[in-house]
Amino acid sequence: SEYETITVERAGDRVALITLNRPKALNALNLRAMREITGAAGELGQDPDVGAIVLTGSAKAFAAGADIKEMQPQSFSDVYAADWFAGWDALSRVRVPLIAAVSGYALGGGCELAMMCDVLIAADNAKFGQPEITLGVIPGMGGSQRLTRAIGKAKAMDLCLTGRMIDAAEAERSGLVSRIVPAESLLDDALAVAAKIASMSRPAAMMVKEAVNQAFESGLADGLRFERRLFHGTFATQDQKEGMAAFTEKREPKFLHS
Ligand code: HXC
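Because the structure is a prediction, the values reported are computed rather than measured. (Residues numbered from 1 in each chain as written. Predicted model: local features only at pLDDT ≥ 70, side-chain atom pairs only at ≥ 80, totals over all residues. Heavy atoms only, no water.)

Trainee: Summarise the side chain of glutamine 214; cite the residues concerned and give the values.
Mentor: Its place among the elements puts glutamine 214 in helix α10 (residues 202-217). Once you skip the residues sitting within four places of it in the chain, glutamine 214 turns out to touch Gly223 and Phe226. (Helix = DSSP H or I, 4+ residues; strand = E, 2+ residues; numbered from the N terminus. Contact = heavy atoms within 4.5 Å.)

Right, dumping it as C-alpha coordinates:
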(Lines give C-alpha, C1' and ligand atoms only; values in the text may rest on other atoms or scores of the structure.)
Protein backbone atom coordinates (compact mmCIF):
# COMPACT_ATOMS: atom_id res chain seq x y z
CA SER A 1 0.00 0.00 0.00
CA GLU A 2 1.01 3.63 -0.33
CA TYR A 3 0.72 3.97 3.46
CA GLU A 4 3.49 3.36 5.98
CA THR A 5 1.86 4.45 9.24
CA ILE A 6 -1.77 3.37 8.80
CA THR A 7 -3.94 0.72 7.18
CA VAL A 8 -7.16 1.66 5.43
CA GLU A 9 -10.01 -0.72 4.65
CA ARG A 10 -13.74 -1.02 4.18
CA ALA A 11 -15.43 -2.51 7.22
CA GLY A 12 -19.00 -3.23 6.24
CA ASP A 13 -21.63 -1.30 4.40
CA ARG A 14 -20.73 2.40 3.97
CA VAL A 15 -18.12 2.24 6.78
CA ALA A 16 -14.36 2.74 6.46
CA LEU A 17 -11.70 1.88 9.01
CA ILE A 18 -8.36 3.62 9.49
CA THR A 19 -5.97 1.81 11.85
CA LEU A 20 -2.82 3.48 13.17
CA ASN A 21 0.05 1.13 12.51
CA ARG A 22 3.32 2.12 14.18
CA PRO A 23 3.17 -0.50 16.95
CA LYS A 24 6.84 -0.20 17.93
CA ALA A 25 6.35 3.50 18.71
CA LEU A 26 2.92 3.04 20.34
CA ASN A 27 1.46 4.79 17.29
CA ALA A 28 3.37 8.02 17.94
CA LEU A 29 2.22 10.56 15.38
CA ASN A 30 5.02 11.71 13.12
CA LEU A 31 4.57 14.07 10.18
CA ARG A 32 4.11 11.16 7.81
CA ALA A 33 1.25 9.84 9.98
CA MET A 34 -0.30 13.31 9.91
CA ARG A 35 -0.19 13.36 6.11
CA GLU A 36 -1.47 9.80 5.78
CA ILE A 37 -4.32 10.10 8.29
CA THR A 38 -5.55 13.44 6.96
CA GLY A 39 -5.10 12.28 3.35
CA ALA A 40 -6.93 8.99 3.81
CA ALA A 41 -9.76 10.51 5.86
CA GLY A 42 -10.08 13.34 3.35
CA GLU A 43 -10.43 10.92 0.44
CA LEU A 44 -12.85 8.65 2.28
CA GLY A 45 -14.91 11.66 3.33
CA GLN A 46 -15.39 12.61 -0.32
CA ASP A 47 -16.65 9.14 -1.24
CA PRO A 48 -20.46 9.11 -1.46
CA ASP A 49 -20.41 5.42 -0.48
CA VAL A 50 -18.79 6.19 2.88
CA GLY A 51 -21.12 7.40 5.63
CA ALA A 52 -18.79 7.12 8.63
CA ILE A 53 -15.09 6.55 9.34
CA VAL A 54 -13.68 4.72 12.37
CA LEU A 55 -10.18 5.65 13.54
CA THR A 56 -8.47 3.22 15.89
CA GLY A 57 -5.04 2.15 17.17
CA SER A 58 -3.79 -1.02 18.84
CA ALA A 59 -4.92 -2.69 22.06
CA LYS A 60 -2.07 -1.02 23.98
CA ALA A 61 -2.19 2.44 22.42
CA PHE A 62 -4.54 4.55 20.37
CA ALA A 63 -1.55 6.90 20.08
CA ALA A 64 1.06 7.83 22.71
CA GLY A 65 1.42 11.36 21.37
CA ALA A 66 3.20 13.32 18.74
CA ASP A 67 6.52 11.69 17.86
CA ILE A 68 8.90 12.99 20.54
CA LYS A 69 11.98 11.68 18.68
CA GLU A 70 11.00 13.63 15.57
CA MET A 71 10.28 16.80 17.56
CA GLN A 72 13.35 16.66 19.77
CA PRO A 73 15.87 18.28 17.35
CA GLN A 74 13.53 21.02 16.10
CA SER A 75 14.14 24.68 16.87
CA PHE A 76 11.55 27.41 17.36
CA SER A 77 12.31 28.69 13.85
CA ASP A 78 11.80 25.21 12.41
CA VAL A 79 8.40 24.58 14.01
CA TYR A 80 7.19 28.14 13.53
CA ALA A 81 8.17 28.44 9.87
CA ALA A 82 6.73 25.03 9.00
CA ASP A 83 3.68 25.84 11.18
CA TRP A 84 4.18 22.46 12.80
CA PHE A 85 0.90 20.52 13.22
CA ALA A 86 -1.27 22.98 11.23
CA GLY A 87 -1.69 20.13 8.75
CA TRP A 88 -4.00 18.40 11.25
CA ASP A 89 -6.63 21.06 10.56
CA ALA A 90 -7.43 19.08 7.40
CA LEU A 91 -8.99 16.39 9.60
CA SER A 92 -11.51 18.91 10.92
CA ARG A 93 -12.56 19.60 7.34
CA VAL A 94 -13.66 15.97 6.81
CA ARG A 95 -17.41 16.30 6.70
CA VAL A 96 -18.64 12.77 7.43
CA PRO A 97 -18.65 11.63 11.06
CA LEU A 98 -15.37 10.30 12.47
CA ILE A 99 -15.53 7.79 15.31
CA ALA A 100 -12.48 7.37 17.54
CA ALA A 101 -12.20 3.88 19.05
CA VAL A 102 -9.66 4.27 21.86
CA SER A 103 -7.94 1.35 23.59
CA GLY A 104 -4.95 1.94 25.86
CA TYR A 105 -3.02 5.20 25.75
CA ALA A 106 -4.40 8.34 24.13
CA LEU A 107 -1.81 10.85 25.29
CA GLY A 108 -0.79 14.28 24.06
CA GLY A 109 -1.33 14.34 20.31
CA GLY A 110 -3.15 11.01 20.66
CA CYS A 111 -5.75 12.55 22.97
CA GLU A 112 -5.91 15.57 20.66
CA LEU A 113 -6.43 13.32 17.63
CA ALA A 114 -9.26 11.50 19.44
CA MET A 115 -10.82 14.88 20.25
CA MET A 116 -10.73 15.85 16.56
CA CYS A 117 -13.15 12.96 16.00
CA ASP A 118 -16.88 13.42 16.41
CA VAL A 119 -17.79 10.42 18.56
CA LEU A 120 -15.31 9.12 21.14
CA ILE A 121 -15.70 5.53 22.31
CA ALA A 122 -13.36 4.31 25.03
CA ALA A 123 -12.40 0.75 25.89
CA ASP A 124 -12.47 0.12 29.63
CA ASN A 125 -8.64 0.12 29.61
CA ALA A 126 -8.31 3.54 27.92
CA LYS A 127 -6.09 6.23 29.44
CA PHE A 128 -6.23 9.87 28.39
CA GLY A 129 -3.89 12.72 29.20
CA GLN A 130 -2.04 15.80 28.02
CA PRO A 131 1.48 15.12 29.34
CA GLU A 132 3.18 17.74 27.14
CA ILE A 133 4.06 19.81 30.21
CA THR A 134 6.25 16.94 31.41
CA LEU A 135 8.32 17.46 28.24
CA GLY A 136 8.45 21.23 28.69
CA VAL A 137 5.98 21.98 25.96
CA ILE A 138 2.24 22.50 25.78
CA PRO A 139 -0.47 20.86 23.68
CA GLY A 140 0.01 21.81 20.02
CA MET A 141 -2.79 20.01 18.20
CA GLY A 142 -5.74 21.67 19.90
CA GLY A 143 -5.55 20.09 23.37
CA SER A 144 -5.87 23.28 25.39
CA GLN A 145 -8.86 24.37 23.32
CA ARG A 146 -10.81 21.19 22.64
CA LEU A 147 -10.20 19.65 26.06
CA THR A 148 -11.37 22.83 27.80
CA ARG A 149 -14.53 22.96 25.75
CA ALA A 150 -15.13 19.22 26.25
CA ILE A 151 -14.55 18.87 30.00
CA GLY A 152 -14.44 22.44 31.31
CA LYS A 153 -11.75 24.70 32.65
CA ALA A 154 -11.14 23.03 36.01
CA LYS A 155 -10.43 19.55 34.64
CA ALA A 156 -8.58 20.83 31.58
CA MET A 157 -6.26 22.95 33.75
CA ASP A 158 -5.70 19.99 36.07
CA LEU A 159 -4.80 17.63 33.21
CA CYS A 160 -2.70 20.05 31.16
CA LEU A 161 -0.86 21.46 34.20
CA THR A 162 -0.12 18.15 35.97
CA GLY A 163 0.12 15.87 32.94
CA ARG A 164 -1.77 13.18 34.86
CA MET A 165 -3.71 10.45 33.07
CA ILE A 166 -7.39 9.78 33.57
CA ASP A 167 -9.00 6.38 33.11
CA ALA A 168 -12.04 5.59 30.98
CA ALA A 169 -14.48 6.07 33.88
CA GLU A 170 -13.18 9.56 34.67
CA ALA A 171 -13.14 10.40 30.97
CA GLU A 172 -16.80 9.45 30.67
CA ARG A 173 -17.76 11.27 33.88
CA SER A 174 -16.03 14.37 32.56
CA GLY A 175 -17.77 14.26 29.19
CA LEU A 176 -14.66 13.49 27.16
CA VAL A 177 -16.08 10.21 25.80
CA SER A 178 -19.64 9.21 25.08
CA ARG A 179 -19.42 5.52 25.96
CA ILE A 180 -17.20 2.90 27.57
CA VAL A 181 -17.19 -0.63 26.17
CA PRO A 182 -15.22 -3.79 27.04
CA ALA A 183 -11.74 -3.73 25.47
CA GLU A 184 -12.41 -7.10 23.76
CA SER A 185 -15.37 -5.74 21.80
CA LEU A 186 -14.14 -2.17 21.20
CA LEU A 187 -13.69 -2.45 17.45
CA ASP A 188 -16.93 -4.37 16.87
CA ASP A 189 -18.85 -1.90 19.01
CA ALA A 190 -17.30 1.12 17.27
CA LEU A 191 -18.00 -0.37 13.83
CA ALA A 192 -21.61 -0.98 14.88
CA VAL A 193 -21.97 2.67 15.91
CA ALA A 194 -20.42 3.67 12.58
CA ALA A 195 -22.78 1.37 10.66
CA LYS A 196 -25.75 2.88 12.48
CA ILE A 197 -24.64 6.41 11.58
CA ALA A 198 -23.85 5.38 8.01
CA SER A 199 -27.35 3.95 7.59
CA MET A 200 -28.84 7.38 8.18
CA SER A 201 -29.26 10.03 5.53
CA ARG A 202 -25.70 11.05 4.62
CA PRO A 203 -26.54 14.73 4.19
CA ALA A 204 -28.47 14.74 7.47
CA ALA A 205 -25.50 13.17 9.29
CA MET A 206 -23.14 15.72 7.72
CA MET A 207 -25.47 18.52 8.79
CA VAL A 208 -25.66 17.21 12.36
CA LYS A 209 -21.86 17.19 12.47
CA GLU A 210 -21.66 20.71 11.10
CA ALA A 211 -24.37 22.00 13.44
CA VAL A 212 -22.95 20.43 16.62
CA ASN A 213 -19.50 21.71 15.70
CA GLN A 214 -20.99 25.15 15.25
CA ALA A 215 -22.22 25.00 18.86
CA PHE A 216 -18.67 24.14 19.86
CA GLU A 217 -17.18 26.97 17.84
CA SER A 218 -19.55 29.91 18.24
CA GLY A 219 -21.89 31.67 20.64
CA LEU A 220 -25.41 30.35 21.24
CA ALA A 221 -27.29 32.98 19.20
CA ASP A 222 -25.10 32.47 16.13
CA GLY A 223 -25.26 28.71 16.66
CA LEU A 224 -29.05 28.60 16.88
CA ARG A 225 -29.41 30.65 13.72
CA PHE A 226 -26.83 28.46 11.94
CA GLU A 227 -28.70 25.33 13.06
CA ARG A 228 -32.05 26.70 11.88
CA ARG A 229 -30.74 27.48 8.40
CA LEU A 230 -29.31 23.96 8.07
CA PHE A 231 -32.64 22.56 9.33
CA HIS A 232 -34.44 24.49 6.58
CA GLY A 233 -31.90 23.03 4.16
CA THR A 234 -32.90 19.45 5.01
CA PHE A 235 -36.22 20.16 3.28
CA ALA A 236 -34.29 20.38 0.00
CA THR A 237 -33.15 16.76 0.30
CA GLN A 238 -34.89 13.67 -1.02
CA ASP A 239 -34.17 11.97 2.26
CA GLN A 240 -36.37 14.42 4.20
CA LYS A 241 -39.28 13.59 1.89
CA GLU A 242 -38.61 9.87 2.25
CA GLY A 243 -38.01 9.95 6.01
CA MET A 244 -41.18 11.83 6.80
CA ALA A 245 -43.24 9.85 4.31
CA ALA A 246 -42.00 6.58 5.84
CA PHE A 247 -42.96 7.77 9.33
CA THR A 248 -46.46 8.73 8.20
CA GLU A 249 -46.86 5.45 6.32
CA LYS A 250 -45.55 3.46 9.33
CA ARG A 251 -42.67 1.82 7.41
CA GLU A 252 -38.83 1.87 7.48
CA PRO A 253 -37.25 4.67 5.40
CA LYS A 254 -35.19 3.86 2.29
CA PHE A 255 -32.69 6.71 2.22
CA LEU A 256 -31.05 7.74 -1.04
CA HIS A 257 -28.30 9.63 0.78
CA SER A 258 -29.05 12.69 -1.27
C1 HXC B 1 7.99 8.73 20.14
C2 HXC B 1 7.32 7.08 21.57
C3 HXC B 1 6.29 7.90 22.09
C4 HXC B 1 6.15 9.20 21.54
C5 HXC B 1 6.23 6.01 23.12
N6 HXC B 1 7.24 5.93 22.24
N7 HXC B 1 5.64 7.20 23.05
N8 HXC B 1 8.16 7.51 20.61
N9 HXC B 1 7.02 9.56 20.58
N10 HXC B 1 5.20 10.03 21.95
C11 HXC B 1 8.15 4.80 22.02
C12 HXC B 1 9.12 4.62 23.17
O13 HXC B 1 10.20 5.50 23.02
C14 HXC B 1 9.52 3.19 23.01
O15 HXC B 1 10.46 3.10 21.94
C16 HXC B 1 8.25 2.52 22.52
O17 HXC B 1 7.42 3.58 21.99
C18 HXC B 1 7.47 1.85 23.62
O19 HXC B 1 7.26 2.80 24.67
P20 HXC B 1 7.66 2.52 26.19
O21 HXC B 1 7.83 3.86 26.84
O22 HXC B 1 8.77 1.54 26.28
O23 HXC B 1 6.33 1.83 26.70
P24 HXC B 1 5.75 1.80 28.19
O25 HXC B 1 6.87 1.63 29.17
O26 HXC B 1 4.66 0.79 28.19
O27 HXC B 1 5.14 3.26 28.44
C28 HXC B 1 4.03 3.73 27.68
C29 HXC B 1 3.91 5.27 27.83
C30 HXC B 1 5.23 5.95 27.50
C31 HXC B 1 3.48 5.61 29.28
C32 HXC B 1 2.77 5.73 26.90
O33 HXC B 1 5.69 5.47 26.24
C34 HXC B 1 5.16 7.45 27.41
O35 HXC B 1 5.09 8.16 28.42
N36 HXC B 1 5.20 8.00 26.18
C37 HXC B 1 5.24 9.44 25.95
C38 HXC B 1 3.88 10.02 26.20
C39 HXC B 1 3.90 11.55 25.92
O40 HXC B 1 4.60 12.30 26.59
N41 HXC B 1 3.14 11.98 24.93
C42 HXC B 1 3.05 13.38 24.60
C43 HXC B 1 4.00 13.68 23.51
S44 HXC B 1 4.00 15.43 23.13
P45 HXC B 1 11.80 2.21 22.08
O46 HXC B 1 12.54 2.52 20.80
O47 HXC B 1 12.47 2.64 23.33
O48 HXC B 1 11.27 0.80 22.16
C49 HXC B 1 2.65 15.64 22.15
C50 HXC B 1 2.24 16.99 21.62
C51 HXC B 1 3.31 17.96 21.51
O52 HXC B 1 1.97 14.76 21.84
C53 HXC B 1 2.76 19.27 20.99
C54 HXC B 1 3.62 20.48 21.26
C55 HXC B 1 4.71 20.74 20.25
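Trainee: Explain the site of the ligand to me, using residue names and the numbers behind them.
Mentor: Near the ligand lie 22 residues; those nearest to it are Lys60, Ala66, Ile68, Lys69 and Gly109. Within the side chain of lysine 69, one N or O atom sits 2.9 Å away from an oxygen atom of the ligand. For the ligand, the accessible surface in isolation is 1000 Å², of which the surrounding protein chains cover 64%. Among the secondary structure elements, those contributing two or more residues to the shell around the ligand are α2 (68-71) and β6 (105-107). When residues of the shell around the ligand are assigned to their parent elements, the largest contribution, three residues, is made by α2. Here the residues of the shell around the ligand sort into 13 nonpolar, four polar and five charged. (Near = heavy atom within 4 Å. Polar contact = N/O pair within 3.5 Å; in protein donor to acceptor, adjacent residues only side chain to side chain. Areas by Shrake-Rupley, 256 points an atom, 1.4 Å probe, with all protein chains shown as cover. Nonpolar A, V, L, I, M, F, W, Y, C, P; charged D, E, K, R; others polar.)

Trainee: Can you explain the state of the cysteines? Please cite residues and give values.
Mentor: Tallying each qualifying case throughout the model produces zero disulfides. No disulfide involves cysteine 111; its sulfur sits 8.4 Å from that of cysteine 160, the nearest cysteine. A residue is classified by how much of its surface remains accessible, and cysteine 160, at 14% relative accessible area, is buried. (Disulfide = S-S within 2.5 Å. Buried < 20%, exposed > 50% of the residue type's maximum accessible area, 1.4 Å probe, protein only.)

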